[in-house]
Amino acid sequence: MIQVQRATPLPQPNLQPKALRVLAHIVSYICHPIFMPVAMAYVVYRLMPAEFAGLTPKQLGLLFINIGYTTAFFPLFSIFLMKQLKFISSYHMPVARERTGPLMATMIFYFWVSHVFNNMPGVVPLGLKVLLLGNLWGIILLFMANIFTKVSMHTAAAGGMIGLIIVLMIISPANLSIPLFIAIILAGIIGTARMILGVHQRGDIWLGYIIGVIVQLGAYVYMK
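Right, let's get into the overall build of the protein chain. Within the protein chain one finds 8 helices and 0 strands. Listing the helices and strands of the protein chain from first to last along the sequence gives α-α-α-α-α-α-α-α. In terms of overall size, the protein chain behaves like a compact globule, its C-alpha atoms giving a radius of gyration of 19 Å where 224 residues would be expected to give roughly 17 Å. Considered along the principal axes of its C-alpha atoms, the protein chain spans approximately 75 × 35 × 30 Å. In the protein chain, the proportion of contacts linking residues at least 24 apart, taken out of those at least 6 apart, comes to 74%. Counting every atom, the protein chain has about 13000 Å² of accessible surface; 70% of that belongs to carbon and sulfur.

The next subject is the environment of Leu168. Among the structural elements, Leu168 can be located in helix α6 (residues 153-171). For Leu168, a relative accessible area of 0% corresponds to the buried category. Sequence separation of Leu168 and Gly101 is 67 residues, and the distance between their C-alpha atoms is 33 Å. Ignoring any residue separated from it by four or fewer positions in sequence, one finds Leu168 in contact with Val44, Leu47, Met48, Gly127 and Leu176.

All right, on to helix α7 (residues 177-197) then. Here α7 is 21 residues long and its end C-alpha atoms lie 31 Å apart, about the 30 Å a rise of 1.5 Å per residue gives. All of the buried residues along α7 are Leu180, Ala183, Ala187, Ile190, Gly191, Ala193, Arg194, Ile196 and Leu197. Packed against the buried residues of α7 are α1 (18-30), α6 and α8 (202-223). Phi turns positive one or two residues past the end of α7, at Gly198, with a value near 70°.

A few words now on the side chain of Thr155. Mapping Thr155 onto the fold places it in helix α6. Those residues in contact with Thr155 that sit more than four places away from it in its chain are Gly191, Asp204, Ile205, Gly208 and Tyr209.

Along the chain, Asn146 falls in the loop between α5 (126-145) and α6. The buried category is assigned to Asn146, whose relative accessible area is 6%.

Right, let's get into unusual backbone geometry. Residues other than glycine seldom take positive phi values, yet Lys86 does so here, at roughly 65°. Within the element layout of this structure, Lys86 appears in the loop between α3 (57-84) and α4 (100-118). A relative accessible area of 67% places Lys86 in the exposed class.

A separate point is the confidence of the model for the protein chain. Scored by pLDDT, the protein chain comes out at a mean of 89, with 93% of its residues at no less than 70. pLDDT under 50 marks residues 1-11. Its contacts with residues more than four places away, or in other chains, come to 0 contacts.

What follows concerns the packing of α4 against α5. Between two packed helices, both the angle of their axes relative to each other and the distance between the axes serve to describe the pair. Direction vectors running N to C along α4 and α5 enclose 155°, while the axes themselves pass 9 Å from each other. The orientation of α4 relative to α5 falls into the category roughly antiparallel. Relative to α5, α4 is oriented so that their crossing is left-handed. Contacts between α4 and α5 involve Thr100, Leu103, Met104, Thr106, Met107, Tyr110, Phe111, Val113, Ser114, Phe117 and Asn118 on the former and, on the latter, Lys129, Leu132, Leu133, Asn135, Leu136, Ile139, Ile140, Leu142 and Phe143.

Moving on, we come to the nonpolar core. Formed by 52 residues in total, the largest nonpolar core has its most connected members in Phe52, Leu63, Phe117, Leu128, Leu142 and Met161. Those elements giving two or more residues to this core turn out to be α1, α2 (36-47), α3, α4, α5, α6, α7 and α8.

Scanning the model with the defined rule gives 11 aromatic pairs in all. Ring centres of Tyr45 and Phe64 lie 6.0 Å apart, and the angle between their planes is 75°; on these two criteria the pair is classed as edge-to-face. Linking Tyr45 in helix α2 with Phe64 in helix α3, this pair joins segments that are 19 residues apart in sequence. When its relative accessible area of 23% is taken as the criterion, Tyr45 is described as partly exposed. When its relative accessible area of 17% is taken as the criterion, Phe64 is described as buried.

Basis of the calculations
Residues numbered from 1 in each chain as written. Predicted model: local features only at pLDDT ≥ 70, side-chain atom pairs only at ≥ 80, totals over all residues. Heavy atoms only, no water. Helix = DSSP H or I, 4+ residues; strand = E, 2+ residues; numbered from the N terminus. Rg over C-alpha atoms; globule rule 2.2 N^0.38 Å. Contact = heavy atoms within 4.5 Å. Areas by Shrake-Rupley, 256 points an atom, 1.4 Å probe, with all protein chains shown as cover. Buried < 20%, exposed > 50% of the residue type's maximum accessible area, 1.4 Å probe, protein only. Expected span 1.5 Å × (residues − 1). pLDDT = per-residue confidence, 0-100. Axes fitted to C-alpha atoms, helices over the stretch in contact; angles between N-to-C directions. Parallel < 35°, antiparallel > 145°, perpendicular 65-115°, else oblique. Left-handed = near helix turned anticlockwise from the far one by under 90°. Core = buried A, V, L, I, M, F, W, Y, C linked by side-chain atoms within 4.5 Å. Phe/Tyr/Trp six-rings, centres within 6.5 Å; stacked < 30°, edge-to-face > 60°.

The structure is reproduced here in structure tokens:
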């Protein structure tokens with residue numbers, strides 16, 4: 001009996017104008033999720049400076065350095081090693097299963113920094129602890145979702161940005177309506193950029209947003 005094999009569907013060409021695709025690439029690099037934790041830590045500092053009043057400039061600098069190398073440098077170095085060892089075919093990781101190793105490595109580093117900062121009572125502000133714990137939970141959910149679909153990590157980070165500012169609105173007496181509005185606009189731009197590049201389905205974009213918002217709100221409820 002002759003078996004007829006189905007032809008593998010060819011990838012659809014990206015019909016977006018070249019200039020638009022270049023702009024989408026720029027947005028994707030600038031707003032890469034690997035840089036979002038340290039960027040959002042700085043946002044927490046700028047929006048709630050009184051919470052950091054007990055820290056000396058040296059302590060504050062070390063705080064951001066620790067967040068930077070554990071959430072950005074170490075994951076990037078791990079990805080570099082995986083590329084050199086042929087565990088991944090490209091730094092872009094176009095196939096969902098290639099993201100398994102980098103997500104696991106990032107999960108370890110996020111767990112470490114969250115655990116250390118959560119065990120520094122009276123030193124690390126609540127907003128920063130929520131950010132780091134939410135990031136850890138987000139990576140875990142992304143790892144689980146990645147088994148079934150190529151969920152957007154960019155929009156997960158963007159959703160986390162929105163969720164964190166909502167948390168800051170709850171715990172801070174300051175009016176943060178404008179930062180929230182800016183975060184929503186920026187999140188929309190990030191999602192649009194990913195859609196223009198054609199690297200995700202629409203459902204993966206929205207799933208990322210949902211995961212990002214939920215983990216930050218959940219982290220706040222857990223820690224308050």
